[in-house]
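# Analysis of the macromolecular model
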Amino acid sequence: MSNKILVTGATGTIGKALIKNLQSKNVNFVAGVRNVSQAKEKLKHVSDFVEFDFANPSTFEKATVGVDRVFILGPGLVLNLDELLKPFIDFLNAKQIKRVVYISAFGMENIKEMPFHTITAKKLQDDGFDYTILKPSFFSENFKTYEFENITQRGIVYVPAADGKVGFVDVKDIAETAATVLTTEGHSGKVYELTGPELFSYDEAAKLLSQITGKTIVYPRPSNEEFTATLKAAGAPDFVAPYMINVYSLIANNHVNKLTHDVEKVTGRKPGSLKEALTNSFA
């Protein structure tokens, strides 16, 4: 009898945290990765890997052997993500692997230029999947993942979020929520919006970072034009700045300035604070 979870996006921030959580629960899973040898170097504590690539349907069959549940996490910075994921979702439907947990994003329905999460969620619903949608807010860990050099070397946090506020969520809480809905009943057809316990502006986050690091960290509030020019000067592809400006507009335009209790509702415990996450990353 099938009793295994396929974890896609296994080497990413959420994927790594989810795998660690599933291991702690002794849950049977396989990590779907594009390059198995590279993944083994990144995830030395994982033994069960399989080649998997959303863009390569020839990998789908082997990746789903013995699988009855799938964690779908698409790659970032893909504007046509729904088109990339569709062949795999159609494959799962044909194979009657119906239990799916999909990672969306909190507030993304407000960005009309980027409808891919909304389209994918509707497809899962229309195709009769036993689905759960997780919509995490901005990650607390992003300060380390994307802003580490700015913070430690330049003393700034540099994103186009204006003065908006957001309930940063710890990736460990996203992973715990995902593991819970993958391994327990009662989450079919549910949509969970995952936030931390407090709202912060980036100016307030910079002040918190100053306290933790003992250095003065400021938030210069870059305009969209300044942000675009900075990324271009750094050599980023032209599509990256508009993509990120759209994402951070969720904060700037006050679309994510609310808190939910969904982490606690699902996991039975309160989400971790931004201060705790930043202390772990920078203290």
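The structure this text deals with has already been given above.
As the structure is a prediction and not an experimental result, all values here were calculated from the model. (Residues numbered from 1 in each chain as written. Predicted model: local features only at pLDDT ≥ 70, side-chain atom pairs only at ≥ 80, totals over all residues. Heavy atoms only, no water.)

## A closer look at the pairing of strand β2 (residues 29-33)
For β2, the buried fraction is high: 5 of the 5 residues fall into the buried class. Bridge analysis of strand β1 (residues 5-7) against β2 gives 3 bridges, and the strand direction is parallel. From the neighbouring strand, L6 faces β2, where its bridge partner is V30. Crossover β1 to β2 through helix α1 (residues 13-24) is right-handed. As paired elements, β2 and strand β3 (residues 49-51) share 3 bridges and run parallel to each other. Of the residues in β3, the one forming a bridge with G32 is V50. (Buried < 20%, exposed > 50% of the residue type's maximum accessible area, 1.4 Å probe, protein only. Helix = DSSP H or I, 4+ residues; strand = E, 2+ residues; numbered from the N terminus. Pairing = 2+ DSSP bridges. Right-handed = clockwise from strand over helix to strand, strands pointing away.)

## Quick notes on unusual backbone geometry
For L77, which is not glycine, the phi torsion reads 60 degrees and is therefore positive. One can find L77 in the loop between β4 (69-72) and α4 (81-95). We note that R221 has phi near 50 degrees; this positive angle belongs to a residue other than glycine. Considering the arrangement of structural elements, one finds R221 in the loop between α9 (202-213) and α10 (224-233).

## Focus: the environment of N254
Note on placement: N254 falls in the loop between α11 (240-252) and α12 (262-267). Its relative accessible area of 43% is what places N254 among the partly exposed residues. Between the alpha carbons of N254 and K122 there is a distance of 25 Å; along the sequence they are 132 residues apart. Not counting residues within four places of it along the chain, the set of residues in contact with N254 comprises G164, K165 and S249. (Contact = heavy atoms within 4.5 Å.)

## Some words on the pattern of salt bridges
One pass over the structure, following the stated rule, counts 19 salt bridges. Put simply, R69 and D68 hold a salt bridge, and the shortest N to O gap is 3.0 Å. Salt-bridge contacts for K207 lead to D203; the nearest nitrogen and oxygen are separated by 3.5 Å. Of the two residues, K207 and D203 are both situated in helix α9; the distance of 4 residues between them amounts to about one turn of the helix. Bridged by salt links that share partners, the residues K86, D90, K123 and D127 form one connected network. (Salt bridge = Lys/Arg side-chain N within 4 Å of Asp/Glu carboxyl O.)

## Observations regarding helix α8 (residues 171-183)
Its 13 residues give α8 an end-to-end C-alpha distance of 18 Å, which sits within 8% of 18 Å, the value for a rise of 1.5 Å per residue. The buried count for α8 comes to 11 of 13 residues, which makes it a mostly enclosed element. Of the residues making up α8, those classed as buried are V171, D173, I174, A175, E176, T177, A178, A179, T180, V181 and L182. Its side-chain oxygen placed 2.8 Å from the backbone nitrogen of K172, D170 serves as the N-cap of α8. (Expected span 1.5 Å × (residues − 1). Polar contact = N/O pair within 3.5 Å; in protein donor to acceptor, adjacent residues only side chain to side chain.)

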